[in-house]
Amino acid sequence: MATTTPTKTTRTRPADLVRVLLRRRGLVYPGPVGGQFNPDARAGVALLEADLVERGWLLSPALYDALLRLDTAHLIGLGARLVADCDELLGADRDHTPLFRRFPADVPANTFGFLVDRLLAAWFQTPEQPCVLCSTTGSVQPLDPCAHLVCTSCFDPNVFSACPICHRQLDPRDPYLVAGRAPEEVDRLRDRRPVTGPGPARLRVLHLGTDLRGDVRAELRALLARPTALPPADVDDLGLLLAGEDRADVSWLPATVPGREAKARLLAWLLADPVNPAVVQAHVTNLVDTATDVLRLLVARSGGESLIDRPRIAPVARPLRRVLLAALDAMGTVQLVEDMRRHRRAWIAVGERLHPGEHAHRWPNVALAIAALRGTVLTPVQAGSLMLSGVLSGGAARTEHVRVRNGRVFVAIRARRVEEALRDGDVTAAVRALRARPGELLRRADHLLRIGAGRHAELVEEIGRAARQAAPAVALSALGEIRTRAVTHERRVFFPAGRTGTAHVIGDTREPLPLHLVAQAERALKAAVFERAAALPAVDRAVVDTALEGVIVPFAERTAFRALVTLTRGSVLPIPAGRVVRLFLHWMESDERVDLDLSVAIYNAEWEYVGKCDYTSLRMPGAVHSGDFTSAPAPRGASEFIDLDMDVLAEQGGRYAVMSVLSYNNVPFVNMAEAFAGFMVRDQAGERGEPFDARSVEQRFDLTGPGKVTIPFVVDLHARTMRWLDVAARVTGTHHSVHRHSDQFASAARALVDSFEAGGRVTLGELGRWIAAARAREVIVRGPGGMALFRRAEGESVSTFALRLRTGISDAPATPQDAATAGLQFVACGDLPAPDGAEVFALHPGQLDAGRVRLLAAADVPALLAAPAAQQ
């Protein structure tokens, strides 16, 4: 394993901070604005606005006014950077020329016939001889760098943008490409369509930013307040935002950081180049409260991303070693061993850096815990040191859970006691051991209820008590799991920890729980949620959007895609109006050739295979592929597209369309210079125009991690919805294709769709309704048919009010103007007015100004319920 040095952070450039806040908050920072209008700026601002509209962004009146006051040179530079940043967010900053230049018009109908022509040309074509396909003389030329001999009559350079034989990218100066370039440019100019029709669902208004430092710190505080693990995109942004801060002033740091990974990265940033060691020591001491906190800190400081794929632990300087040993020792031997057992091998490596045995007299608990972990036989000197410190007395342990036999230390940890109690069916002992770990109790709630016959009332009470203490995400996960247990399920789905978002599907052999018991446990869990929500500041009015009923509360975010629109696995959204859905993929190889394949598999309502559209089948009724690139050298890369006509596919017997991206030659996504994919919604004129239309992009996500095959989402062709899956398929070997993995794709997608449709995860629509019912006197429910106002009656319980919001009759109709006083909003699109300081979650922020309202991310919504001392 390579030697790792401690991470040294460098200051983030202001341009990088501006780019982060543009993406996260929709803010633009033009800098100092003059008092007078610049008469020469009006035409430039109009042109900039037109360019932004073509990309799905609008200018707010305040930002428009500020731009008019800039000098011309400043406006030109700002506009160029803003357009470039927006293009990068969408992926429009890359060359998206498809293999068939005029896709989809020139894609051959007979893929097999096209393959035969390619094989004949590759095997039998010879230089200075007539073409083997058409017998034309003088039309055969070699291509650079693949050296294939291509007949320009059979393979028209106006049609192909790469080698027609092997589909590898060519040298841009190759005469074959030069011959086809001019017609391509003419066609694109002729076919370019003006911006018409409604904007994309993700359409967002950009607002004027005036306080970059204040906004950076506000975003930092929001990220550090999350009680759950951050997704990769937020981890990257946290690093950039921290690197832009000055360690000389850390007065803005929060007193507590509930998120373990965020805490580790914050402490690693503080330790990278400490300005005031005493201040750093104080923060380490105040924030670290478990041994795993210390391990995460050392991993982050060593340049690692997670405990699973940890790097070699970097050397620890003596002053920091003393700080960490003191913090660890204060936790006690039993807690240390319990935490360290979870990552035993990592802690053995850490022990080599901290040298706890050398300081056993000063920090005896750490020395004893490491000795127990390693199974070390204590030397007389070590035993004597521990006896002097009071940890051991005459060879006997100080506590009932610590024993020394034959010189070895044994610690009876809680996890072992829990497993033994569950194995023996001793519910009392299991609950007693789990009571101090409410999150763990909730994770085992189903098991406890299954073996707790005769003790169900007591167990339900314990579950409710744990739900009031555990992290909100854990309580909500338990609620989703429990409420589905009254019926039999064929499969169970797990999302194990790791860098790859793999879903494990197994048969569900558990007997269903009695319906009345499920109802009691569900009521207890909901009561805890209502109680925690009611403790939050009250508001007079709230807004809840029924369109969020399909958006899942975040979970397992460590492996989530970095995406233009952040979605949680399992979320289902309607596909915007439009006949053609265009999938896209772009990648650029690094040190080795990479052949990615964009593919779609079609299944019927019983998940039986119907057909596919991929490199082996470029056309099928309702789908057409743009052609298969087999290389993507820098700086151009390669792009592939698939057009899906949902109506035609449904007429052919299709119900589900499963999108996949496969690394044909088995190169992991992480080894590529870049790779991203997404989809657009095109109108009926989708046969013409640019293949990549920035304005019609609805979703764009990065392909990262060690995976080689990913399933981003599945389209329900009948319901016209998209369910976000964001999972990696477990594959072996090479030459990956839909044909090879179609059964695996069907099994995984079906299990995931069934699991989410069964209600195994709480949605943001549900959670928003519960929080609104607990905090507001009046709630406006926004649905497909309009808006309705509900008033909480005198003496009406939160649970009854929440149920009435979903199923009851409203008290009065409502208008968008009524929402102008709603201090709490949970909406799909931020197109409603909101008062200053309102808390708003909007899947698509729309016109919301992050400078006036508190914009909540999806993970911030359950975080509202976090208790100060919530257990992770």
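Whatever comes next refers back to the structure up there.
Rules behind the numbers
Residues numbered from 1 in each chain as written. Predicted model: local features only at pLDDT ≥ 70, side-chain atom pairs only at ≥ 80, totals over all residues. Heavy atoms only, no water. Pairing = 2+ DSSP bridges. Helix = DSSP H or I, 4+ residues; strand = E, 2+ residues; numbered from the N terminus. Axes fitted to C-alpha atoms, helices over the stretch in contact; angles between N-to-C directions. Contact = heavy atoms within 4.5 Å. Buried < 20%, exposed > 50% of the residue type's maximum accessible area, 1.4 Å probe, protein only. Salt bridge = Lys/Arg side-chain N within 4 Å of Asp/Glu carboxyl O. Core = buried A, V, L, I, M, F, W, Y, C linked by side-chain atoms within 4.5 Å.

A. Region of the structure containing the sheet that holds strand 12 (residues 539-545). Pairing in this open sheet of seven strands is mixed, and the strands run 27-26-25-12-28-29-30 from one edge to the other. Looking at the sheet topology across the chains shown, the edges are occupied by strand 27 (812-814) and strand 30 (854-856). Direction aside, neighbouring strands of the sheet carry axes that sit 25° apart on average. In terms of strand pairing, strand 28 (residues 824-829) meets strand 29 (residues 839-844) through five bridges, oriented parallel. If you follow Phe 826 over to strand 29, its bridge partner there is Phe 841. Those strands touched by helix 26 (residues 764-775) are strand 12, strand 25 (776-783), strand 28 and strand 29, and its axis lies near 150° from that of strand 25.

B. Spatial organisation of the environment of Arg 750. Its place among the elements puts Arg 750 in helix 25 (residues 738-757). For Arg 750, a relative accessible area of 29% corresponds to the partly exposed category. Linking Arg 750 and Asp 95, residues 655 residues apart in sequence, is a C-alpha distance of 35 Å. Contact partners of Arg 750, with chain neighbours within four places excluded, come to Arg 491, Glu 606 and Trp 607.

C. Up close: the pattern of salt bridges. Under the definition given, this model contains 62 salt bridges. One salt bridge connects Arg 782 with Asp 831, and the closest N-O pair in it is separated by 2.9 Å. Of this pair, Arg 782 sits in strand 25 while Asp 831 sits in the loop between strand 28 and strand 29, placing them 49 residues apart in sequence. Owing to a relative accessible area of 37%, Asp 831 belongs among the partly exposed residues under this scheme.

D. Expanded view of the sheet that holds strand 2 (residues 57-59). With parallel pairing, three strands are arranged side by side in an open sheet as 1-5-2. The open sheet has two edge strands with one neighbour each: strand 1 (27-28) and strand 2. Against the sheet, helix 2 (residues 41-53) engages strand 2 and strand 5 (204-208), with an angle of about 150° to strand 2.

E. Examining the pairing of strand 20 (residues 656-663) more closely. Taken across its eight residues, strand 20 has eight buried, putting it largely inside the fold. One ladder, built from eight bridges, connects strand 15 (residues 596-603) with strand 20; its direction is antiparallel. Looking across to strand 20, one finds that Ile 602 is bridged to Ala 657. Pairing of strand 20 with strand 23 (residues 709-716) involves five bridges; the strand directions are antiparallel. Note on strand 23: the bridge partner recorded for Leu 662 is Val 709.

F. The nonpolar core, seen in detail. With 158 residues, the main nonpolar core has Leu 442, Leu 583 and Leu 767 as its most contacted residues. Sort the elements by how many residues they give to this core and helix 23 (residues 515-534) lands first, with nine residues. Dropping the residues within four chain positions of it, Leu 767 is found in contact with Leu 476, Val 529, Val 553, Val 762, Val 861, Pro 862 and Leu 865. In this structure, Leu 241, Val 284, Leu 297 and Val 366 belong to the second largest nonpolar core, which totals 65 residues.

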